[in-house]
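Single-letter residue listing:
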Amino acid sequence: MRVDLLGPLRVRDDSGAEIAVPAGRQRALLIRLAQEPGRLVPAAVLIDALWPGEPPANAPGALQTQVSRLRGRIGDRLAADSGGYRLTDTATDAAEFERLAAQTETAAREQDAGTVRHLAGRALELWRGPALAGVADLPFAEAEATRLTARREAVAALLVEARLELEGAAAVLAELAARHGADPLSEPDAGRYMRALAASGRQAEALDVYEKLRSRLADELGIDPSPALARAHLDVLRGIETAPAAETVSHLPRPLTDCIGREHDLTALRDLVDANRLVTLTGPGGTGKTRLVIEAGHRIEQEGTGVRLVELAPVNDAGRLDDVFLDALGLSEPALSKRNVDARERLAEALRNRRMVLIVDNCEHLIDAVAALAAHLLPRAPVLRMLATSREPLGLTGEAVFNLGPLSTPDSATAADAASHSAVRLFVERGRQSDSSFALSAANAGTVVGICAALDGLPLSIELAAARLRSMSLEDLASRLDDRFTLLNRGDRTAAPRQRSLRGVVDWSWDLLDEHERRVLARLSVFNGGADLDAACEVCSADADDIRSLVDKSLVQRLPRGRYRLLETVREYSAERLAEFGETARAYLAHAEYFARLAERAAPYLQRAEQVEWLDRLAADHENLTAAIRRMIAAGNARLAHQAVVPISWYWWMRGYRKEGQELSFQVRDMEGPVEPVHRAGAHLAGMWALWSGLLDPDEVAAGYAEAERIIEEHDLYEVDPLLKMVPVLRALLSGDETALRAVGAGLDRERDAHVRGMVLLFCSEYSARAGKPEQALAELTESNAIFTALGERFGIIMSLQALASTRTAEGDHVEARRMLLSALEAESELGADRSDSVIVENVWRIDAEFGADPEAVLAQMRVEEEGARQIGNFENVIGARTSAAVCLRRLGKLTEARDELLAAEAGLPEYINFSEVSLRLYRHLAEVARELGDRELEARAAEKAEGSLWPFTL
């Protein structure tokens, strides 16, 4: 989160979207916390800030109220800890200004006018108005606002002095006049103004400024001019000559094209160069490292600092390094006249007092020699800065490393969203240079986004692809990216060979690896979506140092939360090399064994309080798990396929991967070959949840459960995996056998079988309710909910709360029913479910539609919910939203529209409606609407469908 305090309060989340914070105490609380981001601010300090001198009677409670309201705006970034509160993961413009101001002052002391101009300009650009606007009258903000404003003025003064030195008096005269007019008693500003006037040939005006200020100082303050102002007066009397600013001669190449999409990286890199004397820009081949440092070099030159470029790509002999540096500085000597002086010492002597930035490009193949030279030069040349590019760091103490990643690619395929992302902007610009008629449009935005994403956002790949638009259509280009190394094989004829093709870029990095590193990189290609360190080491027969080395060489990306991945381009290249080594099948097997063990390790925790942690763990490796299963299916390895599928059936259900999980489960279940009986039985449970959506034939499901029970009893597996006791429970539920259901429950152990027992009580409560025993039903539901709450098992909590809400609805207490459902939704959100994919939200819609005070508003909301569910492919929630919309229409007296809405929704019902909850609800409402319209035929048809439902719970 970003909180801007230098002007009207502005709060933005990580995506850049603004967060509205109401004026008053919420805003004051945020500003006070943002004055010390990341630090704990005691509650007593916050109370004093919000209620200065007049705290309310229950001050801690009042503060907690404000905290809760603010947390509703900014989320968990407002954290409570040890008697106070802090902002986490928060940056502020005030902190950035303080950093830039300190760097400006350092550069001023070092008399580096170019750096002062650059840094001071950036610092002042952060100000959008008075500091802490809106709360500056509060005691906690008043002193801070005054301090920040004073420092702003000090930075502005340094900027004026730097510009005066670099640009001459004429460039800053108007600004100096404005500053003097704003504060006529400021002696420093008056002195600068006098010197600038004199340098511009306006000595009389300069002397007049002095006389007026001297008089006012004497009359109003009773003091004489300061020594500094007196010296300025004397300089004007003696005469000032200001030499014009020197014209900068660039020693850098000027690229033919603009540097697109790297504005933020340029700023960040420039900050590093200002703050550090050795900066290494690292990143995979093709990310545009050379292009970026050339652009940064031009900007540094414009600020008055000299820049020279040392190109190492064509240099293969480390022994020539000193001479290459001397050539770049224009200090080389003819062979016949060379002095008997060590080249390295001559280089050090030439750079000793030269204020410059030395760009050293493409160091990776001479990394040790470049590191040694940098270690020799930098201590001997105290005002020298070095900016290197390499696919790995130099590894020197004091080195600042900037890792340049790919360009950003959008998630959305709309033209408006796509055009704001740098990868798309680069493709469109280069595409237009290849084909003048090419433009981004709503029709082709999806294809362009797909191309940029497939190419990992790598600038070189994007430029090579865009160049192909001279000879092929956008669609043809997209369809050929599966063979990217053949497709992108011709680039700029003047570029180095390794930059002319995509394969050449990766070849260059591969050739710099030793044999073991090559095999580790090749094996890493079997991972889909990345891996953590343990997985990478185990599957690839590597250690942590091997992975670190590949990260340093920019071939492996280090991701947040300790994960690693290959860019798709590198992954495809490495997969080719893995096949050349003859290791593909072996690596696939090692990968599948690792993730099958992970699935088995996760299984016990998916019905406990730790389930959220383990769902997140499995989600991080979702692509690896599915890839492992598919590969084992293809290889005919039934043992490993079953071992991986069965334990994560709950994961697929709770995280919304139901269709994919069902598909894989059924493929695995049908595999032949030796399989552990416990896994064979479990496979008949996996994927069967689709029964309750109406997507599976109930007879086939029943047959699967029967086969599972046969295997369980044959091999005595109930003690091996207690959760298999759900099989007879589900068989009893499907057959409507209450006696069998209660018999299974009676035989369960209260501790060991707690989860199964909670489900049995949930199911039994329905039979109790139907038998006219509401007290018993409520007791069973209450105990079921207590079991799941004690276990921390959210799915059971959701189901039991839904059933409890139904009892409240039947009693007419819709408010309490809705509250329970919202609690269920909160528990479901902890599982990571998308609201549009929720299994519980349709029940909230039902209450709002039937009993809400504003059916018009609910109807509008149902249209939004319907579209959200449609976009993610949840047909049940589409039907649920449309059914609730029809209820609203009926309440508004629009019976014909309600009927048409229900009939349109009916077209989306599943094949097997008898076990479909949304089908039952739709037909009940359709029967009621048809009856009110007098359509007896439709009423009879809908009523027959509703009565034939086997849905086992009360709606």
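Residues numbered from 1 in each chain as written. Predicted model: local features only at pLDDT ≥ 70, side-chain atom pairs only at ≥ 80, totals over all residues. Heavy atoms only, no water.

The next thing to look at is the UniProt feature "domain: OmpR/PhoB-type" (unreviewed entry) in the protein. Sites flagged by UniProt as "domain: OmpR/PhoB-type" (unreviewed entry) map to residues 1-100. The distance separating the terminal C-alpha atoms of residues 1-100 is 20 Å; by composition the span is 42% helix and 18% strand. (UniProt positions renumbered as here; feature names shortened; annotations may be inferred. Helix = DSSP H or I, 4+ residues; strand = E, 2+ residues; numbered from the N terminus.)

Moving on: empty space enclosed by the protein. Using the criterion set out here, one finds two cavities of 30 Å³ or more in the structure. Quantified by volume, the largest cavity comes out at close to 90 Å³. When residues of the lining of the largest cavity are traced back to their parent elements, those giving at least two are α22 (502-511) and α26 (568-581). No other element matches α22, which puts four residues into the lining of the largest cavity. Here the second largest cavity defines a volume of roughly 50 Å³. (1 Å grid on protein atoms, 1.4 Å probe; cavity = no way out; pocket = protein on both sides within 12 Å on 5 of 7 lines; lining within 4 Å. Points joined across faces, edges and corners; volume = space filled by probe spheres on them.)

Bringing the state of the cysteines into the picture now. For the coordinates displayed, the defined rule picks out zero disulfides. Lacking any disulfide linkage, Cys363 is separated from the closest cysteine sulfur, that of Cys259, by 19 Å. (Disulfide = S-S within 2.5 Å.)

Our focus in this paragraph is the packing of aromatic side chains. The tally for this structure, following the rule as stated, stands at 10 aromatic pairs. Seen from their ring centres, Tyr594 and Phe595 are 5.0 Å apart, and the 80 degrees between their planes marks the pair as edge-to-face. Across the pair, Phe595 and Tyr594 agree in class, each one buried. Aromatic pair Trp653 and Phe795: ring centres 5.9 Å apart, planes at 90 degrees, arrangement edge-to-face. Here Trp653, found in helix α31 (residues 649-654), pairs with Phe795, found in helix α39 (residues 794-810); they are 142 residues apart in sequence, far enough to count as distant. You'll find Trp653 and Phe795 in the same group, each marked buried. Aromatic rings pair up to connect Trp510, Tyr573 and Phe581 into one cluster. The lysine or arginine in question, Arg658, covers the ring of Trp653, its NZ or CZ lying 4.3 Å from the ring centre. (Phe/Tyr/Trp six-rings, centres within 6.5 Å; stacked < 30°, edge-to-face > 60°. Buried < 20%, exposed > 50% of the residue type's maximum accessible area, 1.4 Å probe, protein only. Lys NZ or Arg CZ within 6 Å of the ring centre and 35° of its normal.)

Attention now moves to helix α35 (residues 726-735). Within α35, eight of the 10 residues are buried, which leaves it mostly tucked inside the rest of the structure. All of the buried residues along α35 are Met726, Val727, Pro728, Val729, Leu730, Ala732, Leu733 and Leu734. The inward-facing, buried residues of α35 contact α34 (698-715), α36 (738-746) and α37 (754-770). Gly736 occupies a position one or two residues after α35 and carries a positive phi of about 70 degrees. (Contact = heavy atoms within 4.5 Å.)

Bringing the sheet that holds strand β12 (residues 531-532) into the picture now. The sheet built from three strands is open, its strands ordered β12-β14-β13 with antiparallel pairing. Only two strands of the sheet have a single partner each, and these edge strands are β12 and β13 (557-559). Here three bridges tie β13 to strand β14 (residues 563-565), and the two strands are oriented antiparallel to one another. Counterpart to Gln557 in the pairing with β14 is Arg565. (Pairing = 2+ DSSP bridges.)

Turning to helix α18 (residues 445-454), its buried residues are Ala445, Val448, Val449, Ile451 and Cys452. Along the axis of α18, the buried positions cluster into a sector of 160 degrees, meaning they face one direction only. Where α18 terminates, the next one or two residues include Asp456, which has phi positive at roughly 65 degrees. (Arc of directions from axis to C-beta.)

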